[in-house]
Number of protein chains: 2
Amino acid sequence: MVLKVRKTVKAPPGCPMSKCMDLLRGCWTPEVLWSLSEGPRRFSELRRDNPFISAKVMTTRLRDLEQLGVLTRHVMPTSPPTVEYELTDLGRELLPAIRSIVEVGTRLLLRDSNL
Amino acid sequence: MVLKVRKTVKAPPGCPMSKCMDLLRGCWTPEVLWSLSEGPRRFSELRRDNPFISAKVMTTRLRDLEQLGVLTRHVMPTSPPTVEYELTDLGRELLPAIRSIVEVGTRLLLRDSNL
DNA sequence: CTGTATCCCCGTGGATACTG
DNA sequence: CAGTATCCACGGGGATACAG
């Protein structure tokens, strides 16, 4: 076994932009958070919301985001199991940025179709 | 020589968020665009603005962004050479999203230091 | 001053099969 | 239902040296 010594630093700490981007890392992350913006959702619901995200990636993103304190994972003792994900306060703080991204993207798409 | 046949599709076309994120690809991209938000800048100025971005990556990002129509590259016939980069209209449309990212990040940083 | 050319590492993500 | 386990491909990015 080898310890990871390598620095993973991609941007200097203390920079506002990277502070935010670090939480949005992974090109599917904004989509997942967006799905959660209206309230708690279950794993299968998230998958239905984003049919192009594989189960593996979905799980990875959710685990990472949980680790970062962006969302919470709540397992209910049912059978079959039910798991609910919900944004934390920190997660909700990211929504304005994501909303901007969506708005800009929407405008660009409209532009395209009007050409 | 091998032809690239593999699909590079990361998100379905027609999705607003990916429409915007495609233009912001690369974790240094927002920083570069942010540096250009106040007007045209030269290569060396951009490097000074973002001392953590290597020359190679800076060039790569600038070339990609030029290709995408986000900025223009203007070479002046001086010696030594002078090159100026400037946002296009499309590039300026991305600024609101980037501004949001910066704002959120700033708020998170302030929070941290107030703890 | 404005880049190129290598080389290499690592994270993200796709595909597929399998599980409690 | 809610994941895991593998394996693999690709692209971004760091480091360093070199170039017109």
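Here the structure is shown first, and the text comes after it.
The model shown is predicted, which means the values in this text are computed figures rather than measured ones.

**Q** Now, about the protein's contact with DNA strand C: what can you tell me, with residues and values included?
**A** In the region of DNA strand C, 23 residues are neighbours, and Cys27, Lys56 and Arg61 of chain A together with Arg73 and Tyr85 of chain B sit closest. Put simply, 73% of the atoms of DNA strand C that lie within 4 Å of the protein are in sugar or phosphate. At 2.4 Å from a phosphate oxygen of DNA strand C is found a main-chain nitrogen or oxygen belonging to Cys27 of chain A. At 2.4 Å from a phosphate oxygen of DNA strand C is found a side-chain nitrogen or oxygen belonging to Arg73 of chain B. When residues of the surface near DNA strand C are traced back to their parent elements, those giving at least two are α4 (55-67) of chain A together with α3 (43-49), α4 (55-67) and β3 (82-87) of chain B. A breakdown of the residues in the surface near DNA strand C according to their chemical character gives nine nonpolar, five polar and nine charged.

**Q** Would you mind going over the protein's contact with DNA strand D in detail, with residue names and values included?
**A** With respect to spatial proximity, 23 residues lie near DNA strand D, and among them Arg73 and Tyr85 of chain A together with Cys27, Lys56 and Arg61 of chain B are the closest. Protein-adjacent atoms of DNA strand D, using a 4 Å cutoff, are sugar or phosphate at a proportion of 76%. Cys27 of chain B has a polar backbone atom sitting 2.4 Å from a phosphate oxygen of DNA strand D. A distance of 3.3 Å separates a phosphate oxygen of DNA strand D from a polar backbone atom of Trp28 of chain B. Elements represented by at least two residues in the surface near DNA strand D include exactly α3 (43-49), α4 and β3 (82-87) of chain A together with α4 of chain B. Class assignment for the residues of the surface near DNA strand D results in nine nonpolar, six polar and eight charged.

**Q** How would you explain the environment of Glu66 of chain A if you had to name every residue and give the values?
**A** All names here are of chain A. With respect to the secondary-structure elements, Glu66 resides in helix α4. A residue is classified by how much of its surface remains accessible, and Glu66, at 32% relative accessible area, is partly exposed. In the structure, Glu66 is positioned 21 residues away from Leu87 in sequence and 9.2 Å away in space, judged by C-alpha atoms. The contact partners of Glu66, leaving out residues within four places of it in the chain, are Leu71 and Arg73.

**Q** Tell me about the sheet that holds strand β1 (residues 41-42) of chain A, residues and numbers included.
**A** Residues and elements named next belong to chain A. As summarised here, the arrangement of the three strands in space is β1-β3-β2, forming an open sheet in which the pairing is antiparallel. Unpaired on one side and paired on the other, β1 and β2 (71-76) mark the two borders of the sheet. Pairing analysis gives six bridges linking β2 to β3, with the strands arranged antiparallel. Of the residues in β3, the one forming a bridge with His74 is Glu84.

**Q** Explain the interface of chain B and chain A to me, using residue names and the numbers behind them.
**A** Counting from both sides, the interface comprises 35 residues of chain B and, opposite them, 35 residues of chain A. When the two sides are added together, the surface that chain B and chain A hide from each other amounts to roughly 3,100 Å², 75% of it contributed by carbon and sulfur. In terms of surface lost to chain A, no three residues of chain B exceed Met17, Glu93 and Ile101 of chain B, which account for 22% of the buried area on that side. Inspection of the chain B/chain A interface yields six salt bridges. In this structure, Lys19 of chain A and Asp112 of chain B form a salt bridge, with 2.6 Å as the shortest nitrogen-oxygen distance. Here the element with the most residues in the side of chain B that touches chain A is helix α6 (residues 95-114) of chain B; it accounts for 14 residues. Split by residue class, the side of chain B that touches chain A holds 23 nonpolar, five polar and seven charged.

Here is what the cut-offs are and how they apply
Residues numbered from 1 in each chain as written. Chains lettered and ligands numbered in written order. Predicted model: local features only at pLDDT ≥ 70, side-chain atom pairs only at ≥ 80, totals over all residues. Heavy atoms only, no water. Near = heavy atom within 4 Å. Polar contact = N/O pair within 3.5 Å; in protein donor to acceptor, adjacent residues only side chain to side chain. Helix = DSSP H or I, 4+ residues; strand = E, 2+ residues; numbered from the N terminus. Nonpolar A, V, L, I, M, F, W, Y, C, P; charged D, E, K, R; others polar. Buried < 20%, exposed > 50% of the residue type's maximum accessible area, 1.4 Å probe, protein only. Contact = heavy atoms within 4.5 Å. Pairing = 2+ DSSP bridges. Buried area = accessible area lost by both parts, 1.4 Å probe. Salt bridge = Lys/Arg side-chain N within 4 Å of Asp/Glu carboxyl O.

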